[in-house]
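# Residue-level structural notes
As a plain string of letters, each chain reads:
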Amino acid sequence: MNQRCFIFDLDGVIVDTAKYHFLAWQKIANQLGIEFTPEHNEELKGVSRVRSLDLILALGNLEASQEDKNKWLVQKNEDYLSYLVDMDESEILPGVLPVLIYLKENNQKIVLGSASKNAKPILEKAKIIDYFDAIVDGNDVSNAKPDPEVFIQGAKKVNFSNEKCIVFEDSVAGVQAANSAGMTSVGIGEESILHEAQFVFPDFTHIDLNFIQNLINK
């Protein structure tokens, strides 16, 4: 039987924690007198925490000392984690679980490739950590997407070549990272935004298990 490595991003793909990132960043932005909208938040998808803060400061044409930046980065993470306290499996996005179950039942490798430094506790709270054969998160990589490091590391952890990997991503940077690694990219979101992906679906409820099987057979 064919075996493939299926690599999933976390925020906005498996769980809807993107809204908590938005609320935490918005709180910082408001303190600094910067208007931060959901549209601005789209630009932070798949981007590291440090880079995200720089983008927000640029919105307000603000300069800041490293000391202040470090303070805000800690505050942002603490606020974000406070939103996660009550998180449970209800946060799993619709349609994701049937895909994970199908992959597991068909002996496929499942890997997490995320910029989040909180990936493991999130997967534990959502009660799906046992589906994953390997986890590569923001604690393991030095280069943020669109650099493909996170996905390449994930493939290596389960001993798969890049061309046998399929990546599910909701960000432009993530799709670009998958493509530059020579992996199959599946965008989850709007086609107009994720048009560089080889396949695009609005969400997992639109993904038929026959599509997954075809990826395995490829």
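See above for the structure.
Heads up: these notes are all about the structure in this document. (Residues numbered from 1 in each chain as written. Predicted model: local features only at pLDDT ≥ 70, side-chain atom pairs only at ≥ 80, totals over all residues. Heavy atoms only, no water.)

### Looking at the side chain of Q75
- Turning to its location among the elements, Q75 is positioned in helix α4 (residues 66-84).
- Here Q75 is in contact with K27, I28 and Q31, once residues within four sequence places are set aside. (Helix = DSSP H or I, 4+ residues; strand = E, 2+ residues; numbered from the N terminus. Contact = heavy atoms within 4.5 Å.)

### Some remarks on helix α5 (residues 96-105)
- Listed as buried for α5 are V96, V99, L100, Y102 and L103. For α5, the buried positions fall inside an angular range of 165 degrees around the axis, keeping them on one side.
- Residues of α5 that are buried make contact with β1 (5-8), β2 (109-113) and α9 (209-217).
- Looking at the residues trailing α5, positive phi occurs at N107, about 60 degrees. (Buried < 20%, exposed > 50% of the residue type's maximum accessible area, 1.4 Å probe, protein only. Arc of directions from axis to C-beta.)

### Some details on the packing of α5 against α9
- In the contact formed by α5 and α9, the axes pass within 11 Å of each other and the chain directions differ by 40 degrees. The angle between the axes of α5 and α9 places the two elements in the oblique class. As for how α5 packs across α9, the hand of that crossing is right-handed. Residues P98, V99, Y102 and L103 of α5 touch α9, and the partners they reach there are L209, I212, Q213 and I216.
- Broken down by class, the residue content of the contact of α5 with α9 amounts to seven nonpolar, one polar and no charged. (Axes fitted to C-alpha atoms, helices over the stretch in contact; angles between N-to-C directions. Parallel < 35°, antiparallel > 145°, perpendicular 65-115°, else oblique. Left-handed = near helix turned anticlockwise from the far one by under 90°. Nonpolar A, V, L, I, M, F, W, Y, C, P; charged D, E, K, R; others polar.)

### Some thoughts on the sheet that holds strand β5 (residues 184-188)
- Pairing is parallel across the open sheet formed by six strands, whose spatial order is β3-β2-β1-β4-β5-β6. One side of each edge strand has no neighbouring strand; the edge strands of this open sheet are β3 (134-136) and β6 (199-201). For this sheet, the mean inter-axis angle between neighbouring strands, taken without regard to orientation, is 20 degrees.
- Sheet topology places strand β4 (residues 165-169) next to β5; four bridges connect them, and they run parallel. Within the sheet, the bridge partner assigned to F168 lies in β5 and is V186.
- Sheet strands in contact with α5 are β1 and β2, and its direction is about 155 degrees off that of β1. (Pairing = 2+ DSSP bridges.)

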